[in-house]
Amino acid sequence: MSTFQATDRGTASTLGTPAYFFNRAVEESHGDIELAFNLGYAYALAGDSTSAVYWLREVVRRQPADGAAH
């Protein structure tokens, strides 16, 4: 039986989650607002309200008229 070893890429509990992949996409896109919105939404669905609010506020800061982020 093999066991999963956590690496510097993330922990066993965060690897493979939508938020993990959206976070990687945001890092590589250098500020794509749609990806930032989706990252906030993924955190909201995962129950991480602090991270969700952070990313959705970031979307509103960059695009104040984005009704979905409000």
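That block above? That's the structure.
A short tour of the structure in this document, coming up. Every value quoted in this text rests on a predicted model; they were computed, and no experiment measured them.

**Focus on the packing of aromatic side chains**
Then, in step 1: Tallying each qualifying case throughout the model produces three aromatic pairs.
Then, in step 2: Arranged with centres 5.1 Å apart and planes meeting at 80°, the rings of Tyr 20 and Phe 21 form a pair that is edge-to-face.
Then, in step 3: For Tyr 20, a relative accessible area of 14% puts it in the buried group.

**A few points about helix H2 (residues 33–46)**
Then, in step 1: Counted at 1.5 Å a residue, the expected span for H2 with its 14 residues is 20 Å, and the 20 Å between its end C-alpha atoms agrees.
Then, in step 2: Within H2 the residues assigned to the buried category are Ile 33, Ala 36, Phe 37, Leu 39, Gly 40, Ala 42 and Tyr 43.
Then, in step 3: Looking at the buried residues of H2, the elements they touch are helix H1 (18–29) and helix H3 (49–62).
Then, in step 4: Just beyond H2, the residue with positive phi is Gly 47, at close to 90°.

**Overview of the pattern of salt bridges**
Then, in step 1: In total, this model carries three salt bridges according to the counting rule given.
Then, in step 2: When the shortest N-O distance is used, the salt bridge between Glu 58 and Arg 61 registers 2.4 Å. Of the two residues, Glu 58 and Arg 61 both sit in helix H3, three residues apart, roughly one turn of that helix.
Then, in step 3: Salt bridges sharing common partners tie together Glu 58, Arg 61 and Arg 62.

**Thoughts on the nonpolar core**
Then, in step 1: Judged by nonpolar contacts, Ala 19, Val 26, Ile 33, Ala 36, Phe 37, Leu 39, Ala 42, Tyr 43, Ala 52, Trp 55, Val 59 and Ala 69 together constitute the single largest core of twelve residues.
Then, in step 2: Broken down by secondary-structure element, the contributors of at least two residues to this core are H1, H2 and H3.
Then, in step 3: Residue contributions to this core peak at six residues, all from H2.
Then, in step 4: Every residue in contact with Ala 42, bar those within four places of it in the chain, is listed here: Pro 18, Ala 19 and Phe 22.

**Here we look at the packing of H2 against H3**
Then, in step 1: Running from N to C, H2 and H3 point in directions that differ by 155°, and their axes come no closer than 7 Å. With respect to their mutual orientation, H2 and H3 come out roughly antiparallel. The two elements H2 and H3 cross, and the hand of that crossing is left-handed. Residue-level contacts link Ile 33, Ala 36, Phe 37, Leu 39, Gly 40, Tyr 41, Tyr 43 and Ala 44 of H2 to Ser 51, Ala 52, Trp 55, Leu 56, Glu 58, Val 59 and Arg 62 of H3.

Criteria and cut-off values
Residues numbered from 1 in each chain as written. Predicted model: local features only at pLDDT ≥ 70, side-chain atom pairs only at ≥ 80, totals over all residues. Heavy atoms only, no water. Phe/Tyr/Trp six-rings, centres within 6.5 Å; stacked < 30°, edge-to-face > 60°. Buried < 20%, exposed > 50% of the residue type's maximum accessible area, 1.4 Å probe, protein only. Helix = DSSP H or I, 4+ residues; strand = E, 2+ residues; numbered from the N terminus. Expected span 1.5 Å × (residues − 1). Contact = heavy atoms within 4.5 Å. Salt bridge = Lys/Arg side-chain N within 4 Å of Asp/Glu carboxyl O. Core = buried A, V, L, I, M, F, W, Y, C linked by side-chain atoms within 4.5 Å. Axes fitted to C-alpha atoms, helices over the stretch in contact; angles between N-to-C directions. Parallel < 35°, antiparallel > 145°, perpendicular 65-115°, else oblique. Left-handed = near helix turned anticlockwise from the far one by under 90°.

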